[in-house]
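# Inside the fold
Now for the letters of each chain:
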Amino acid sequence: MEESEIENAVMAYLKRKGFRQTELALQEEQRKTSSSAAKTDPEIAKQIIAYAELDNGPVRYREEYSRLRTWTYNSLDVHKHELLRVLYPVFIHCFMDLVAKGHSQEARSFFQSFREDHEPSHLRDLQKLEGVLSPHHLEEMEFAHCLRQNKVTMKLCKYSYELLLQHLHKTESMVMLGVINERINLQVPPGQPCSNSEEVEVVALTGSSQEAVEQINQKEIHWGVLEDSLEERLEKEILAAEAEKAEAEDKEGHGEESKKKAGEGGKSGGPNKKMKKDKLTGTTGKGVRTEANVVSSAPRVKAELTMPTISMEVERSALEDLRNRARLSSSALPSVSFYTFVNTHYSLNCASISHDGGLVVGGFSDSSLKVWNMSKMGEQHGEVADGQNEHSAGLDVGKRSYTLLQGHAGPVYAANFSPEGEYILSASADNTVRLWSSKLNANLVCYKGHNYAVWDVQFSPVGHYFVSASHDRTARVWSMDRIHPLRIMAGHLSDVDCVQWHANCNYIATGSSDKTVRLWDVQTGECVRMFVGHHGMVLSIAMSPDGRYMASGDENGTIRMWDLSSGRCITPLTGHTSCIWTLAFSCEGSLLASGSADCTVKLWDVNASSRTPRMEEKAASAQRLRLLKALPTKSTPVHALRFSRRNLLFAAGAFTKSP
């Protein structure tokens, strides 16, 4: 290393710090020793140069990132969308590197200068990082700690990759090159740049490396339906009864045919028999099998939980519903019944509908639950409302069109009916879940265990068991007869916003503000699938009746359909313009209904996706789940959707006046 380089580095440092006298003294010393042959030790020289570069670090971070940003935005459109995705991880790691090196003021200035570029897609992440002010915060905050521990995996085509490296070397942007090398795992597949729709941007926090996510998604799961379930038994009974009826009518028709043959020579027997057989086939056996084929063809699995007993009364009711179930398809859409809450003054937080649509419950910001019995609404003089006359009608129940349930000490964020409507679960900001009797109109149990507000609660498909989701980043499995949770699912890096049971009750899906959906084994409490692809927090989840597919909706209005066996997204569904608050599959799984804050209910064709051959997956992705119908409301955001066992679609929401 040349002596002149060392001298220049030292002089630049003294000037920067304002050590004028030391600078003059050093210059005088250099003149005196200019003729000597003394050489600086190589190790000392390296330390001097390194220290000079370190001191100039904050400026270099800003300058080099600014150059990279300008170059990226000026790139050709064919490469720009790929290169722009690299900017976000580079930005957050530059910021965290500056904080880790103790340059808090420079880090804050850097963050504020460039944050606007990334706010549209990563606002929540930036809000979290905004609170990082010292190296100690980097260690304490799990969000930041996870980012620094795991590389972000991104894909760039060969041409974009070579352009990026060429720019970094040409401009001698060694700091940016070091950040990319240390913090980003760039994969370079062959071929042309892929579009945004084909490539999932894996910048979402997963809490694990990409390899760990892939390893989790290789675990074995059994996605079928419960063996010997109530619906399966009842379907067998229906098929057997209709087969017997068809056989009896066939024999009767055969007897009549013989008589006609004897009396008339059998001239008209053949056509009559064929016509009757076609009629029977069209209205009984084959029609029932076609309707139930999606669920019937699913594998049967054993339940890992102890299943509750089902009363004969419930079985008879379910049998009647199955006999009268409407057969839905892309050409036979469901009837929709919409319950509108009025005069709520923006205090309605959630709503839920019983399986037959007979009961509707709303959770309000004043910590109350209000239940309406639809069969008695005609006998009441009031509308479905939030009860502004509650103070005057509080003791006289006859004047009120609803039943008031009080007990929570904070806003109610979720409510859910048991499968038969006998019980109601509610989740609140007071960190508790409460169980209510819809018959006694009383609180039965208060379940305490979460450390922060509870955002969602859901009964299992068989009742008795339920799962809750909380701001404490956990989901907990409970049974009605125990006040302590049976399982705690921990692993999300932010709030667990929504939960849903799998059709066979062996798995639970959780959606989080960390933009991921996870599938958990109820028996072990282990995460067996991790679904990455959403660009906003996940607000709603629905499981298909056969247990093979899962739909999830996020705050950006995007719905994603997932294949549970592979952990991959089949296709994103775009059409909503605001948050997806609720999702529901029809009973046979042929349709998906979505309800949004954009005041619409949309119906999607699910069968199109399940029939698409694997070889044609990419080419047919745009047509996989086509939108069948959009049902706009009169300025009413949709809070809840539910298909009855007869395939009638119920919906609920609160009317909001347009500004």
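Everything below is about the structure printed above this text.
Residues numbered from 1 in each chain as written. Predicted model: local features only at pLDDT ≥ 70, side-chain atom pairs only at ≥ 80, totals over all residues. Heavy atoms only, no water.

### Notes on the nonpolar core
Counting 38 residues, the largest nonpolar core has Val 90, Phe 95, Leu 129 and Met 176 as its most contacted members. At twelve residues, helix α5 (residues 77-100) tops the list of elements feeding residues into this core. Leave out the neighbours within four places in its chain, and Val 90 touches Tyr 65, Leu 68, Met 176, Val 179, Ile 180 and Ile 184. Of all hydrophobic cores here, the second largest spans 20 residues; its members include Ala 469, Cys 505, Ile 508 and Cys 527. (Core = buried A, V, L, I, M, F, W, Y, C linked by side-chain atoms within 4.5 Å. Buried < 20%, exposed > 50% of the residue type's maximum accessible area, 1.4 Å probe, protein only. Helix = DSSP H or I, 4+ residues; strand = E, 2+ residues; numbered from the N terminus. Contact = heavy atoms within 4.5 Å.)

### What to know about the pattern of salt bridges
In total, this model carries 17 salt bridges according to the counting rule given. In this structure, the salt-bridge partner of Arg 476 is Asp 472, at a minimum N-O distance of 3.5 Å. Because the salt bridges share partners, they merge into one network encompassing Asp 97, Arg 148, Glu 182 and Arg 183. (Salt bridge = Lys/Arg side-chain N within 4 Å of Asp/Glu carboxyl O.)

### Details of the sheet that holds strand β19 (residues 507-512)
Strand order across the open sheet formed by four strands is β18-β19-β20-β21, with antiparallel pairing between neighbours. If you trace the sheet from one side to the other, it starts and ends with β18 (496-501) and β21 (527-532), each paired once. When strand polarity is set aside, the average angle formed by the axes of neighbouring strands in this sheet is 20 degrees. Bridge count between β19 and strand β20 (residues 516-521): five bridges; the pairing is antiparallel. (Pairing = 2+ DSSP bridges. Axes fitted to C-alpha atoms, helices over the stretch in contact; angles between N-to-C directions.)

### Some points on helix α4 (residues 57-73)
Between its terminal C-alpha atoms α4 stretches 24 Å, which fits the 24 Å expected from 17 residues at 1.5 Å a residue. Among all positions of α4, only Gly 57, Pro 58, Tyr 61, Glu 64, Tyr 65, Leu 68 and Thr 72 are buried. Looking straight down α4, one finds that the buried residues subtend no more than 140 degrees of arc, so they occupy a single side. (Expected span 1.5 Å × (residues − 1). Arc of directions from axis to C-beta.)

### Comments concerning the packing of α4 against α5
With their axes 10 Å apart at the nearest point, α4 and α5 run at an angle of 170 degrees to one another. One element, α4, and the other, α5, form an angle in the roughly antiparallel class. Only Lys 80, Leu 83, Leu 84, Leu 87, Val 90, Phe 91, Cys 94, Asp 97 and Leu 98 of α5 make contact with α4, whose side of the interface consists of Pro 58, Tyr 61, Tyr 65, Leu 68, Arg 69, Trp 71, Thr 72 and Tyr 73. Split into classes, the residues belonging to the contact of α4 with α5 amount to 13 nonpolar, one polar and three charged. (Parallel < 35°, antiparallel > 145°, perpendicular 65-115°, else oblique. Nonpolar A, V, L, I, M, F, W, Y, C, P; charged D, E, K, R; others polar.)

### Some remarks on the packing of aromatic side chains
Enumeration according to the criterion identifies 16 aromatic pairs in this entry. Ring centres of Phe 466 and Trp 478 lie 6.1 Å apart, and the angle between their planes is 5 degrees; this geometry places the pair in the stacked category. With Phe 466 in strand β15 (residues 465-470) and Trp 478 in strand β16 (residues 474-479), this residue pair connects regions lying twelve residues apart in the sequence. Trp 478 carries the same exposure label as Phe 466, and that label is buried. Members of the aromatic cluster, connected to one another through ring pairs, are Tyr 65, Phe 91, Phe 95, Phe 110, Phe 111 and Phe 114. Of note, Lys 370 hangs over the ring of Phe 364, and the distance from its end group to the ring centre comes to 4.4 Å. (Phe/Tyr/Trp six-rings, centres within 6.5 Å; stacked < 30°, edge-to-face > 60°. Lys NZ or Arg CZ within 6 Å of the ring centre and 35° of its normal.)

### Considerations on the sheet that holds strand β28 (residues 600-605)
Strands belonging to one sheet form pairs held by backbone hydrogen bonds; the direction of such a pair is parallel or antiparallel. Ordered in space as β26-β27-β28-β29, the four strands form an open sheet in which the pairing is antiparallel. Each edge of the sheet is formed by a strand with only one pairing partner; in this case those strands are β26 (580-585) and β29 (627-632). Within the sheet, the average angular offset between the axes of one strand and its neighbour, ignoring direction, is 15 degrees. By the bridge criterion, five bridges tie β26 to strand β27 (residues 591-596) in an arrangement that is antiparallel. By the bridge assignment for β27, Ile 580 is matched with Ser 596.

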